[in-house]
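# Summary of the model geometry
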Amino acid sequence: MATLRALRKLCQHSQQQVCSLHMSATRQEAVVISGRKLARQIREEARVDVENWVSSGHRRPHLSVVLVGDDPASHSYVLNKARSAAEVGISSETILKTSNTSEEELLDLIDKLNNDHLVDGLLITSTNARNHATQCLPARTWDGFHVVNVGRLCLDQSTMLPATPWGIMEIIKRTGIPNLITADMIKEGAAVIDVGINRVLDPLTGKSRLVYGQKGWFITPVPGGVGPMTVAMLMKNTIKRQEHSAYPPERSALAAAS
């Protein structure tokens, strides 16, 4: 598949660069890859895309987020998305539902948003978010979790991309120096793309620290690494969805192939 071929090519290119770095200098500490900095670049690109889209006479992209329950982490996550949407010029709304909202009521709301032609991206945050994502229209599933999106991705067809893997690929592409990590160790000269939150207490300082220490050459911090990239790529997905919806299927296919 083109996606896998591109990733292999990036890795091959990066291994050559790592060899070059080994010959030219010796580094004692890992180089921290700032996901926040890269995400700012991507959000700026998205902002320009949105403004060009709107100035061409099109409607401004709109995102609807349904947030079920009162989990603080989910509320913080959704708030970051709303802020990013505003920053790039995407209009958005957050629909709050209590944790005791019935499944029937939630499915009715999803159906209503599916049929709203003003909604370009749809995200459901709930305890059953993966199942609820399959109730959304595939073209509007903002995070790419719909089974149709996953199937199209496996077939190397144009689709909404899952934001976290897309963000990681952008980190690899834009930094240009990926490498491999094994199951039981980080080899010398590796680039570590850390996904998720893993807090380890340092017995000497009493503070949380990165598990990988100074072994890798390049490393993404947690937080501030992949997380901001996930939100930035979600912004790109919203724009991508509206651009494709503006053209008939055959023209969209040509645009995807170009």
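Per chain, the residues get numbers from 1 upward, laid out in the order the sequence is written. In keeping with the predicted nature of the model, local features appear solely for residues at pLDDT of at least 70, side-chain atom pairs appear and are counted solely at 80 or more, and the whole-chain, interface and lining totals rest on all residues. Side-chain numbers here rest on the full set of heavy atoms in the structure, without hydrogens or water.

### Side note on the overall build of the chain
What counts is decided by this rule: Comment: elements are numbered from the N terminus, with helices defined as DSSP H or I runs of at least four residues and strands as E runs of at least two. Think of it in three bands: residues with accessible area under 20% of the maximum for their type are buried, residues over 50% are exposed, and the middle band is partly exposed, with areas taken using a 1.4 Å probe on protein chains only. Contacts are residue-level and defined by heavy atoms, with any inter-residue pair within 4.5 Å sufficient. Only the protein chains shown count as cover for residues, with accessible areas throughout obtained via the Shrake-Rupley method and a probe of 1.4 Å.
When you go through the chain residue by residue, the secondary structure sums to nine helices and eight strands. Residues counted as buried form 40% of the 258 residues belonging to the chain. When contacts within the chain are restricted to residue pairs at least 6 apart in sequence, long-range pairs at least 24 apart make up 70% of them. Within the structure as shown, the chain displays about 14400 Å² of accessible surface, and the carbon and sulfur contribution to it stands at 55%.

### Some words on empty space enclosed by the protein
Put simply, the rule reads: Residues are said to line a cavity or pocket when one of their atoms sits within 4 Å of a point; the points come from a 1 Å grid over protein atoms alone, cavities being sets where a 1.4 Å probe fits but cannot get out and pockets being open sets with protein on both sides within 12 Å along at least five of seven lines. Grid points are joined across faces, edges and corners, and a volume is the space filled by probe spheres set on the points. Residues were grouped as follows: Ala, Val, Leu, Ile, Met, Phe, Trp, Tyr, Cys and Pro as nonpolar; Asp, Glu, Lys and Arg as charged; and all remaining residues, including Gly, as polar.
As enumerated under the stated definition, the model contains one cavity of 30 Å³ or more in all. By volume, the largest cavity amounts to about 30 Å³. Within the residue set of the lining of the largest cavity, elements represented by two or more residues are strand 2 (62-68), helix 3 (72-88) and strand 3 (91-97). Residue composition of the lining of the largest cavity, grouped by class: four nonpolar, two polar and two charged.

### A look at the environment of Leu123
Relative to the assigned elements, Leu123 resides in strand 4 (residues 121-125). Along the chain, Leu123 and Ala133 lie 10 residues apart, while their C-alpha atoms are 7.4 Å from each other. In this structure Leu123 touches Ser64, Val65, Val66, Lys81, Trp142 and Asp143, once residues within four positions along its chain are discounted.

### A short note on the sheet that holds strand 2
What counts is decided by this rule: Here, strands pair whenever DSSP counts at least two bridges between them. Note on geometry: axes are lines fitted to C-alpha atoms, helical ones only across the stretch in contact, with angles between N-to-C directions running from 0 to 180 degrees.
Reading across from one edge, 3-2-4 is the order of the three strands in this open sheet, with parallel pairing throughout. The sheet is open, and its two borders are formed by strand 3 and strand 4, each paired with just one other strand. The sheet shows a mean angle of 15 degrees between the axes of neighbouring strands, taken without regard to direction. Sheet analysis places strand 2 next to strand 4, joined by five bridges and oriented parallel. Within strand 4, the position partnered with Leu63 by the bridge is Gly121.

### Some details on the pairing of strand 2
For the record, the criterion: Look down the strands so they point away from you; if going from the first strand over the helix to the second traces a clockwise path, that crossover is right-handed.
Of all seven residues in strand 2, seven are buried, a share of seventy percent or more. Every second residue of strand 2 is oriented toward a common face, with His62, Ser64, Val66 and Val68 on one face and Leu63, Val65 and Leu67 on the other, all of them buried. Sheet analysis places strand 2 next to strand 3, joined by seven bridges and oriented parallel. Within strand 3, the position partnered with His62 by the bridge is Ser91. Of the crossover connections in this fold, the one passing from strand 2 over helix 3 to the parallel strand 3 is right-handed.

### Observations regarding the pattern of salt bridges
Side chains that differ in sign of charge can pair as their charged atoms come close. Test applied: In what follows, salt bridge is the name for a side-chain nitrogen of Lys or Arg lying within 4 Å of a carboxyl oxygen of Asp or Glu.
Tallied over the full model, the rule gives eight salt bridges. Ionic pairing is found between Asp120 and Arg59, a salt bridge with its closest N-O pair at 2.9 Å. Residue Asp120 is found in the loop between helix 4 (103-114) and strand 4, and its partner Arg59 is found in the loop between helix 2 (35-55) and strand 2; the two are separated by 61 residues along the sequence. Here Glu170 and Lys173 are joined by a salt bridge, their closest N and O atoms 3.0 Å apart. Linking Glu170 with Lys173, this pair stays in helix 7 (residues 163-175), spanning three residues, or about one helical turn. The class of Glu170 is buried, set by a relative accessible area of 8%. Put simply, Glu45, Asp49 and Lys236 are held in one network by salt bridges that share partners.

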